Amino acid sequence: RVGEPRLGEKEADFLKRVKPYSVIEREDNTLLNTGITALWDLVDGNSTTHYTNAGAQIGVASSTATASATQDDLQSTGDEWFAMTTGYPASTGQQLSLKASMGSTYALFAWNEWGVRPTSTSAILNRRVDALGTKATGTTWTLEVTVTFS
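Predicted, not measured: the structure shown is a model, and the values here were computed from it.

Reading guide: rules and limits
- Residues numbered from 1 in each chain as written.
- Predicted model: local features only at pLDDT ≥ 70, side-chain atom pairs only at ≥ 80, totals over all residues.
- Heavy atoms only, no water.
- Salt bridge = Lys/Arg side-chain N within 4 Å of Asp/Glu carboxyl O.
- Helix = DSSP H or I, 4+ residues; strand = E, 2+ residues; numbered from the N terminus.
- Buried < 20%, exposed > 50% of the residue type's maximum accessible area, 1.4 Å probe, protein only.
- Pairing = 2+ DSSP bridges.
- Axes fitted to C-alpha atoms, helices over the stretch in contact; angles between N-to-C directions.

## As for the pattern of salt bridges
Here is step 1 of the chain: Overall, the coordinates contain 2 salt bridges when judged by the stated rule.
Here is step 2 of the chain: Ionic pairing is found between glutamate 113 and arginine 127, a salt bridge with its closest N-O pair at 2.7 Å. With glutamate 113 in strand β6 (residues 110–118) and arginine 127 in strand β7 (residues 126–134), this pair connects stretches of sequence that are 14 residues apart. Pair check on accessibility: glutamate 113 and arginine 127 agree, each one buried.

Laid out in structure tokens, this is it:
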């Protein structure tokens, strides 16, 4: 969600010390044409929109529509976008890692799709359709995404 408050030091410390209840790992997602164009605009100097801690978001929503490169956003009208966790995004080698935590009162629905975008534009980089579960009130879920170019 745009404007989502960042975790305070106590909450961030807690999340570092607590073992997750569940970890789900998946491979493959779809880069969207709008996101690919935005990346090339960065490469050739035609954009100042960067994936920074304050300038990147992870979104979740409930649509189960098949991912297609021609889509330009998450497909559910009830999507919610969240700011990066401190220290993210981070890049090493051919990978970009992004991470966001969704607090206990946010994104309370079936998480069937997710994507990454810069905060200042709707040019979503990628979209993945995957049933990750239904988030309930009182739970905090964290979504970490690693994009690998090879």
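Now, onward.
## Describing the sheet that holds strand β4 (residues 90–92)
By way of backbone hydrogen bonds, the strands of a sheet pair with one another, either parallel or antiparallel.
Here is step 1 of the chain: Taken in spatial order, the 3 strands line up as β4-β5-β8 in an open sheet, and their pairing is antiparallel. The sheet terminates laterally at β4 and β8 (141–148), the two strands that pair on one side only. The average undirected angle you get between the axes of adjacent strands in this sheet is 20 degrees.
Here is step 2 of the chain: Strand direction decides the pairing type here: β4 and strand β5 (residues 95–102), joined by 3 bridges, are antiparallel. Along β5, the bridge assignment pairs serine 91 with leucine 96.

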